[in-house]
Each structure stands twice: as structure tokens, then as C-alpha cells.
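Architecture at a glance
Spelled out, the chains give:
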Amino acid sequence: MPNIQALILAAGRVDELSLLTLDRPKSAVPFGGLYRVIDFALSNLMHSRISQVGILSQYQSTSLITHIGNGESWDMVGRHRKVSLLPPSSGGRGCEWYRGTADAVAQNMEFIVENEPDLVLILSGDHIYHMDYQELVHFHLAQKADLTVGFVKVPLKEAPRFGLGLIEAKSGHPGGRLREYREKPAQPISPWASLTIYLFRPQVLFEVLKSPAGGSPPLEFGRDILPEMVHHYRVFGYRFNGYWGYTRTLEEYWQTHMDLLVSRPKIRLPEWQIRTNLEHERIAERQPVRIGPRARLSQVILTPGCEVEGQVRRSVLFPGVIVEEGALVEDSILFFDTRVGAGARLHKVITDKRVSIGEGSRVGGKDDLSPNRVHPGLLSSGLTLIGHNTDVPDRTAIGANCLLYPHLDRQAFPGTSLPSGEVLQ
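A short tour of the structure in this document, coming up. Model, not experiment: these values are computed from the prediction.

**Observations concerning the overall build of the protein chain**
Across its full length, the protein chain holds 9 helices and 31 strands. On C-alpha atoms alone, the protein chain measures out to a radius of gyration of 23 Å, which is about the 22 Å that the 2.2 N^0.38 rule sets for 425 residues. For the protein chain, the spread of C-alpha atoms along the three principal axes comes to 65 × 50 × 50 Å. Looking at the protein chain as a whole, 56% of its 425 residues qualify as buried. Long-range pairs, those at least 24 residues apart, make up 59% of the contacts in the protein chain between residues at least 6 apart in sequence. For the protein chain, the exposed surface amounts to about 18,200 Å²; the carbon and sulfur share of it is 48%.

Laid out in C-alpha cells, this is it:
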């Protein structure tokens, strides 16, 4: 088995996720009741027996650093097993922010050289999927590839959002020679979208990251390196046929959670054996779930510390969520320690941590917006998003597509109602 150095790209914020990435990178956004998005990449590496991992962190990294700890949650502690957090560093030139995926790896070239890997596996830390990377490695070695790129099939109407590859068809093989690559083309060249999974021979990686004579250094793999590299190196595309959750927008993030609640979910968390840090947010210390005698639940994910006295339908409740008697929560995602007061009603609401919804309040509901009143961060999704540590007063009506910033106390609310499409900060 070759010595593989994995690098997880976990530095970025995604504007489309709005308040969820205001104080954390996308890789540290909570997901599925217990997890963080980066848990999927880390768990895939653990199950693939790849235990030398560097995490390239940058934006608001406190939450990510706390979550990763020393890596023991993913069995990455030991003589030949470790997780290293790699902030921006440019050596003697001083510190610069990571300016793109390729620049982030280039700034950590010394880290790669010191570990002397046979292969370098570069992954995005903000996708929801399950993959055995050893199958990718076997394909890469069999093809004597300089680079193998992972791809997943997407609907053609969605394809212009992604980097796309034209992969040579080869009967009986999971992939083929990558004949063309274009980053987010207006006209799709194929339905195969990049997973931001790159498996390099180290010597080739060092070559393509060098600045051309008299030119600027490459900043992005998809934009600056892959389109030309396919013509000069042995570059292969590997087709992945499993579930892949992109979750780049709030609507995609919400829908991916709803996908967990169907009778036969495509995201099979028990089967995938996703690991997380149970010390983060005190998950391991929480009491068992308590369900009151009048509670009614249907298609719900409950986690330690939840207390439910009211009704919950088609929703995901993170640890410590309390739903009081007479309250109704539908089609919602409630983060850690959210409290829903007695008689309150929530429909298509996402709350960040430690949000309090006052008694008798109405949040979300039917989307009655005209197009010019849709907040751009909510994409007409009908979702209402409430930032962490916000306290909604009793008997307050808040419409659909509203955005409530963090740390709002009851005095911050202008009255007893907030119309659809409004922003409060």
C-alpha cells in the first residue's frame, strides 16, 4: 500500500450559506444532527486507511480547530497517524491568505516534502458523500496516471455550476483518460462534474504548482491547472456513482437534510459509519432524549439532550433542542440548544445555535413574496434563517424568506411582526 498524504481543503466560506458561515468555514457547518460537514471526508479517509492528513484552514477557523482536536475521533493519533492543521504560510515572504485551492497547497509544499509521500490526495472538506479512496488509488496506479480527478454525474441544467470533464469511455473501467476539462463553462461539455478530488504523483504536483517564467502563479486547480494539464500529462477521470451532496446553497443544505428523513435515505449514516467529535458541543455529556406524553413526532431525527413536549414533523433536531408543549415544528433544522416556546409554530426554519423562539410566535410559512423582495442569500427558497444567540419575543410573527442576524435580543425587534423577505440585524 503506497504512503499517501491527504490534504483537506477546509479554508473557505460560502456566501450562499449566508449566516451559517458567518462565524465558521463551510467545512465546520453542522449537519445531520450530530456531525460537521468535514466529518464525511475525515471518515472516508479513516475507512480508507489513510491516516496522514493535513487540513488547510483559514476563514474563522476556531470552530473547525475545536472540532478536529487532536484527530482521535477519526483514529488519527499514533506513530504513523496524525492530523495537522495548516494555516496560511508563505515562508520567508511572510504570511498571505490562501488565494485559491492551488495556492493553498503550494503554500504547504514543505509539509508535503517532509512527509515524503508516494501519492498526494487533495480533497474538498465540504461535500456530503461516502467513498473508499483505495478504489481510486488502485485505478490511478493501474493507469500509471500523473493525476486522477474524481467526477460525479449531475443534471445537465446544473452542470454550468461546476468544473466539467470529458472522460474517455472505456468498457469495464470506472474511468478513462480525461480529454478535456473546463471550469464552469456556459455550455456543458459533459454531465460529469468535478468532486474536487485530486490524486497526484508528488513530482507532477510540484511541477504544475510552479509559476511559469515571467507569469503569475496558478491559484486554482480547476481554472488555472487542469485545462492545460490534460494536454501534457497522463490525466484520468474517475467516475463516482454514489450519493453526493453539494450543499452550497441554503436550499441545497435544507434539501439534503430532508433527504435524511425519507423511508429509504440515500445518505445512509449508520452504514457509512461517519465519525464525529462527541466532545464538541458537549454531545457526549448530554442526557438521553426525553419525549413527553403529549408529544407527536413524524419523520424526525432526534439527538442527545433533546426534549419534546410538542409536535415535530420532517425535521432535524440537534443536541439540546427543546420543543415545549403545544409547539409545532415542521420542515425545519434546529441547531444545538434551540428552544421553541409553548404554542410556537415553525415552518421551514433553520436556527443556528442557542436560538430562543418565544411562546406563541409564528416563524416561516407560506412564501408570499414578489420576486423583488427576495433576499439574495435565501434564493426564493421559502426558508427563514435565524442566527445564533437570537431571542425572538413572545407572540411575534416572522414571515418566510427572512434573515435574522446573530445576537439579537428581544429589544432589537421593531414590533410584533416581521414581513416576508425582511432582514433584521
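**Remarks on the side chain of Thr 396**
Inspection of the secondary structure assignment puts Thr 396 in the loop between strand S27 (391–392) and strand S28 (397–398). We classify Thr 396 as buried; its relative accessible area is 3%. With residues up to four places along the chain from it excluded, the contact list for Thr 396 reads Ser 361, Arg 362, Gly 415, Thr 416 and Ser 417.

**Here's the deal with a nonpolar patch on the surface**
Nonpolar side chains collect at one region of the surface, where Val 289, Ile 291 and Leu 297 lie side by side and expose about 220 Å² of accessible area between them. By secondary structure assignment, the location of Ile 291 is in strand S14 (residues 290–291).

**Some details on the packing of helix H6 (residues 202–209) against helix H7 (residues 221–229)**
Where H6 meets H7, the axes come as close as 11 Å, and the angle between the chain directions of the two elements is 115 degrees. Judged on the interaxial angle alone, H7 and H6 are roughly perpendicular. Helix-helix and strand crossings are classified by hand; for H6 and H7 the assignment is right-handed. Listed contacts from H7 to Val 204, Leu 205, Val 208 and Leu 209 of H6 are Phe 221, Ile 225 and Met 229. Grouping the constituent residues of the contact of H6 with H7 by class yields 7 nonpolar, no polar and no charged.

**Describing unusual backbone geometry**
Where the residue is not glycine, phi is negative for most of them; where a peptide bond is considered, it is trans in most cases. Unusually for a residue other than glycine, Asp 75 sits at a positive phi of about 60 degrees. As for its placement among the helices and strands, Asp 75 is situated in the loop between helix H2 (62–68) and strand S5 (82–86).

**Points about the packing of aromatic side chains**
Under the counting rule described, the total for this entry stands at 15 aromatic pairs. One aromatic cluster in this structure is built from Phe 31, Tyr 35, Phe 40, Tyr 253 and Trp 272. Over the face of the ring belonging to Tyr 246 we find Lys 26, whose NZ or CZ atom lies 5.2 Å from the ring centre. The ring centre of Trp 254 lies 4.4 Å from the NZ or CZ of Lys 348, which sits over that ring.

**Brief notes about the sheet that holds strand S18 (residues 322–323)**
Ordered in space as S14-S16-S18-S21-S24-S27, the 6 strands form an open sheet in which the pairing is parallel. The sheet is open, and its two edges are formed by S14 and S27, each paired on a single side. Pairing geometry for S14 and strand S16 (residues 307–308), over 2 bridges, is parallel. The partner of Arg 290 across the bridge, within S16, is Glu 307.

**Some details on the pattern of salt bridges**
Inspection of the entire model under this criterion finds 23 salt bridges. For Arg 248, the salt bridge goes to Glu 16, with nearest N and O atoms at 3.5 Å. Here Arg 248, found in the loop between strand S13 (244–245) and helix H8 (250–259), pairs with Glu 16, found in the loop between strand S1 (4–9) and strand S2 (30–31); they are 232 residues apart in sequence, far enough to count as distant. For Arg 248, a relative accessible area of 28% puts it in the partly exposed group.

**What to know about the side chain of Asn 44**
Assignment of secondary structure puts Asn 44 in helix H1 (residues 38–47). At 3.4 Å, the side chain of Asn 44 and the side chain of Tyr 133 are in polar contact.

**A few points about helix H5 (residues 133–142)**
Among the residues making up H5, those that are buried are Tyr 133, Gln 134, Leu 136, Val 137, Phe 139 and His 140. N-cap assignment for H5: the residue whose side-chain oxygen lies 2.9 Å from the backbone N of Gln 134 is Asp 132. Two residues or fewer past H5, Lys 144 is found with a positive phi of approximately 55 degrees.

**A word on the nonpolar core**
Grouped together as the largest cluster of nonpolar side chains are 42 residues, with contacts concentrated most on Leu 45, Ile 55 and Leu 121. Counting residues per element, the ones that place at least two in this core are S1, H1, strand S4 (52–56), H2, strand S6 (119–124), H5, strand S11 (192–200) and strand S12 (235–240). Take this core: its biggest share by element is 5 residues, from H1.

**What about the pairing of strand S10 (residues 175–183)?**
Across 5 bridges, the pairing between strand S9 (residues 163–167) and S10 is antiparallel. Paired with Gly 165 across the bridge in S10 is Tyr 181. Where S10 lies against S12, 3 bridges are found, and the strand directions are antiparallel. Note that in S12 the partner of Gly 175 across the bridge is Tyr 238.

About the thresholds
- Throughout this description, residue numbers start from 1 for each chain and increase along the sequence as written.
- Reporting of local features is limited, given that this is a predicted model, to residues whose pLDDT is at least 70; pairs of side-chain atoms are given and counted only at 80 or more, and all residues count toward the totals for whole chains, interfaces and linings.
- Excluded from the side-chain calculations are hydrogens and water; all other atoms, namely the structure's heavy atoms, are used.
- Runs of E in the DSSP output that reach at least two residues are strands. Runs of H or I that reach at least four are helices, and both are numbered from the N terminus.
- The reference for a compact globule is 2.2 Å times residues^0.38; the radius of gyration itself is calculated from the C-alpha atoms.
- Note on classification: 1.4 Å probe, protein chains only; a residue is buried when its accessible area is under 20% of the maximum for its type, exposed when over 50%, partly exposed between these limits.
- Two residues form a contact once any of their heavy atoms are found within 4.5 Å.
- Accessible surface is estimated by sampling points in the Shrake-Rupley manner with a 1.4 Å probe; for residues, cover comes only from the protein chains shown.
- Residues forming no salt bridge and having over 30% relative accessible area are the ones grouped into patches, like charges within 9 Å of each other and nonpolar side chains (Val, Leu, Ile, Met, Phe, Trp, Tyr) within 5 Å.
- A pairing counts as a salt bridge when a side-chain nitrogen of Lys or Arg comes within 4 Å of a carboxyl oxygen of Asp or Glu.
- Between N-to-C directions, angles span 0 to 180 degrees; the directions come from axes that are lines fitted to C-alpha atoms, helices contributing only their stretch in contact.
- The scheme is simple: roughly parallel for angles under 35 degrees, roughly antiparallel for over 145, roughly perpendicular for 65 to 115, oblique for anything else.
- For any pair of crossing helices, the crossing counts as left-handed if the nearer helix is rotated counterclockwise from the farther one by less than a right angle, and right-handed if it is rotated clockwise.
- Each residue gets one of three labels, nonpolar for Ala, Val, Leu, Ile, Met, Phe, Trp, Tyr, Cys and Pro, charged for Asp, Glu, Lys and Arg, and polar for the others, Gly among them.
- Pairing of aromatic side chains here covers Phe, Tyr and the six-membered ring of Trp, requires ring centres within 6.5 Å, and sorts the geometry by plane angle: under 30 degrees stacked, over 60 edge-to-face, intermediate tilted.
- A ring is scored as having a charge over it whenever the NZ atom of a lysine or the CZ atom of an arginine sits within 6 Å of its centre and within 35 degrees of its normal.
- Here, any two strands with at least 2 DSSP bridges between them count as paired.
- By the criterion applied in these results, polar contacts are pairs of N or O atoms within 3.5 Å in which, for protein atoms, one can donate a hydrogen and the other can accept it, and in which residues neighboring in sequence qualify only through two side-chain atoms.
- The set of buried Ala, Val, Leu, Ile, Met, Phe, Trp, Tyr and Cys residues whose side-chain atoms join them within 4.5 Å is what this entry labels a nonpolar core.

Coordinates in, geometry out; function isn't part of it.
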